[in-house]
Amino acid sequence: MSRLSLKQPIYQIFGANTGVGKTIISTLLAKAFAPRIDYIKPVSTGPLDDADYLHVDRYAGVKGKVIYQFDEPCSPHLAAGDAPPPDSVILSKLMDLLSDERPTLVETAGGVHSPAPSGSSQLELYRPLRLPVVLVADSNLGGISTTVSAYESLRLHGYDVAAIIGFKADWGNLPYLAQKLGTTTLQIPPPPPKQRDPAEDAENMQVYYDLVSESGALTSLKHHMIDTHEHRVQRLREMPGKALHTLWYPFTQHGLLEREKVNVMDSAYGDDFACLDAEKQGLRPVFDASASWWTQGLGHGNSELALEAAYAGSRYGHVMLPNAVNEPALALAEQLLATVGQGWASRVYYSDNGTTGIEIALKMALKASRARYNQTSREPRLKVIGIKGSYHGDTIGSMNASDPNVYNDQVDWYDARGVYFDAPAVLLRKGEYEIELDGQVIEKLSSMTEVFDLDKRLAGQTATHYRQIIDKTLREAVERGDRFGALIFESILMGAGGMHFVDPLFQRVLVDYVRGSELFCPPGSSSSGGPTWTGLPVITDEVFVGLYRLGHARATTLLGINPDISVNAKLLTGGLVPLAVTLATEQIFNVFLTDKKQDCLLHGHSYTAHPVGTSVALASVHRLRTIHEERGISDQEIEESSQPVQDARRTASASKADWSSDLPVWSVWSRDYVRQLSHHDKVDWVVCMGSVLAVALHPLAGEAGGYASAASAQVVEALRLGNDQDGGVMARPLGNVVYLMAGQTTTRDTADRVQRLLENALQ
């Protein structure tokens, strides 16, 4: 989608039903605004001589435009036949017709949910533009219900309904709607009855249009539409200044933030924000390169998730969980145990975000380890085994599970409680995968298939080297008196630490060691009926990578291990509402199972397992799982689907084919593009898996790289500015690392657009 002008009002005319008078209202508005008005009917069905745009031309003197005219007088999805134009094509052609010199009316076909030629709802077809709406009410008996339903559907899909207008009738629909909906509502006289004599009928209609278009109601509506547009633009313009004096942004140095760098988001849909371009007076698409802090997987403005949220909010609101159960909380737990927890987990503990989920996991693991060691006192304090550069959240407890870094450096109560390993990284450089440890390349591999061939690599020299490092480090720690309660790590890809792709072999060897070493399996330490695992509880932090981000329900599948405790959030609700889960084995659960209340897991928050979140998550996990399964479907199955499903399935299938030589991983990003990028003069290394593409730039002179580096500033600014054709990209760099994160529904066309923008930014 290109830039949408805000220089002039653009309104979309929706009808509460078919035959409610959309074209009559459009004609009246066109005549009221004439001669400075455009009229567009993107999709029209029926005989050409009866086309709506000709009616507007005849009675308002405004030459309208139609994009697709189908002869059959029926729903567009039937009239379009066997080769319907895709939604994206209709939208592109509509954008080309929109003028920034005159107001524009865009009339839809049928009711709000009438199908587009592709079969998708009109609400979805036009949603990327999110034009303000004039809703034509159904003035017939029963029209209150259809109009309220249409209004709620528009709101549910993110549209602003500027006004409702309809014809005066005996049923009193419009006064009722004005009171119920609280939106500007106007009623006008109905058109004259249709006459048998075409000339007489035309004359009557002309008189009607002449009189009503100049009436107080139409004049009022015209001014309201202009005022509403001007207020919208004014509000968008003033927001950056007000925000800088009102908001306290996270992870942002306000001393470095300038007014023009504040991105004003009017809305979001799919992969893009609709951001204000103040200089050119419009809205332009800006790719959400951080997936809104890694939460987006199913696209912004997802109406399926919004409907689930509305349903749960109306059915439950919020209800407490302890000693109770509700359908979405139970159903989601069952779904998660059948996907993320399949084969190992038996319990689901709900919380509100990833950081809290980690706090819960630590409480589970540390108490379980004390039981494992029959240790009743709190001394010595148990520590964790972790990986340097990890990030488990911003609360004190989760910070203490990470090594000292920029995120916890200025937190007074921070106290690192662990032993942390320098993890070897997998880096794509000049088309080859290098395993780097302490700045030295220790192994080179030709493909991701080789990187993840752990059965073969476990018998190699690199694995032996890892075992020696791990054994030496942990033996020395135990000899110093350290005692450990858990192994915790981010599976495969450490996000906030700089998109650090940890060699999966290292994490596998580390898990095998803590589960098999006599350091953590002292004889006689397990009492009868106690925990049955060996070594230490293994916590996997999959807040970022879990739920198919890397193409698998859980990333530990790529390691060939099962955890004892695992945390998921981010993609869990598709980016709509906060929710997190901590999954655990039955053995971990049993540690807390006694006849004393104080032995239970004393952790919770007011909105634990809130039904809105669990309902949305249930739909999100189901959709993510379906997309994952569709990566192996046939071309015939793709073509037999509806347009939106076709797009998602075609992208999934193409992604799998593109990365077929690098399975078991895949990526929405082009394999050839990624390899070419790894040869770029400004690029140090590239990491690409699933929906993530991370590019490390060479540090500036005198810099060591990392979070504090300014090496990416120029590239990030170039991405933000973008160009008129492709829009821009809103990236949040991690020091010298620029990353782009797609969703699970991102199309190949969108990925190509963003790749072009990155290529231009690197020039």
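Cut-offs and rules
Residues numbered from 1 in each chain as written. Predicted model: local features only at pLDDT ≥ 70, side-chain atom pairs only at ≥ 80, totals over all residues. Heavy atoms only, no water. Pairing = 2+ DSSP bridges. Helix = DSSP H or I, 4+ residues; strand = E, 2+ residues; numbered from the N terminus. Axes fitted to C-alpha atoms, helices over the stretch in contact; angles between N-to-C directions. Buried < 20%, exposed > 50% of the residue type's maximum accessible area, 1.4 Å probe, protein only. Contact = heavy atoms within 4.5 Å. Parallel < 35°, antiparallel > 145°, perpendicular 65-115°, else oblique. Nonpolar A, V, L, I, M, F, W, Y, C, P; charged D, E, K, R; others polar. Expected span 1.5 Å × (residues − 1). Phe/Tyr/Trp six-rings, centres within 6.5 Å; stacked < 30°, edge-to-face > 60°.

Caption draft 1: Just the sheet that holds strand S22 (residues 565-568), in detail. Pairing in this open sheet of seven strands is mixed, and the strands run S12-S23-S22-S21-S18-S13-S14 from one edge to the other. With partners counted over all chains shown, the strands left at the sheet margins are strand S12 (347-351) and strand S14 (418-421), one partner each. Going across the sheet, the axis of each strand differs from the next one's by a mean of 20°, ignoring polarity. Two strands pair when backbone bridges link them, and strand S13 (residues 382-387) and S14 are joined in this way by four bridges, in the parallel orientation.

Caption draft 2: Spatial organisation of the side chain of Ser 620. Assignment of secondary structure puts Ser 620 in helix H20 (residues 611-629). Owing to a relative accessible area of 0%, Ser 620 belongs among the buried residues under this scheme. When residues no more than four places from it in sequence are discounted, the contact partners of Ser 620 are Leu 298, Leu 305, Leu 571, Leu 572, Thr 573 and Gly 574.

Caption draft 3: View of the sheet that holds strand S2 (residues 10-15). Strand order in the open sheet formed by seven strands is S4-S3-S5-S2-S6-S7-S8, with parallel pairing between adjacent strands. Either end of the sheet is taken by a strand with one partner, and the two such strands are strand S4 (65-70) and strand S8 (185-188). Taking each pair of neighbouring strands and ignoring which way they run, the sheet shows an average axis angle of 20°. Of the pairings in the sheet, the one linking strand S7 (residues 161-167) to S8 comprises four bridges and is parallel in character. Counted as the bridge partner of Ile 164 is Thr 185 from S8. Sheet strands in contact with helix H1 (residues 22-33) are S2, strand S3 (38-45), strand S5 (104-111), strand S6 (133-136), S7 and S8, and its direction is about 170° off that of S5.

Caption draft 4: Structural view of the packing of H1 against helix H9 (residues 216-244). Their axes nearest at 10 Å, the elements H1 and H9 cross at an angle of 75°. It follows that H1 is roughly perpendicular to H9 by the angle criterion. Along its contact with H1, which presents Leu 28, Leu 29, Ala 32 and Phe 33, the element H9 presents Leu 218, Leu 221, Lys 222, Met 225 and Ile 226. Its residues placed into classes, the contact of H1 with H9 shows eight nonpolar, no polar and one charged.

Caption draft 5: Up close: helix H25 (residues 748-761). Taking 1.5 Å per residue as the helical rise, H25 with its 14 residues ought to reach 20 Å, and the 20 Å between its terminal C-alpha atoms agrees with that figure. Every buried residue of H25 is listed here: Thr 750, Ala 751, Arg 753, Val 754, Gln 755, Leu 757, Leu 758 and Ala 761.

Caption draft 6: Just the pairing of strand S18 (residues 483-490), in detail. A large share of S18 lies buried, amounting to seven of its eight residues. With four bridges connecting them, S13 and S18 associate as parallel partners. Within S18, the position partnered with Ile 385 by the bridge is Leu 487. The sheet contact formed by S18 and strand S21 (residues 538-541) spans four bridges and is parallel. Considered in S21, the bridge of Glu 490 is made with Asp 541.

Caption draft 7: Up close: the packing of aromatic side chains. Inspection of the entire model under this criterion finds 14 aromatic pairs. Taken together, a centroid distance of 6.0 Å and an interplanar angle of 25° make the contact between Phe 452 and Phe 501 stacked. Linking Phe 452 in the loop between helix H15 (448-451) and helix H16 (454-457) with Phe 501 in strand S20 (residues 500-501), this pair joins segments that are 49 residues apart in sequence. Grouped by ring-pair contacts, the aromatic residues Phe 251, Trp 293, Tyr 391 and Tyr 407 constitute a single cluster.

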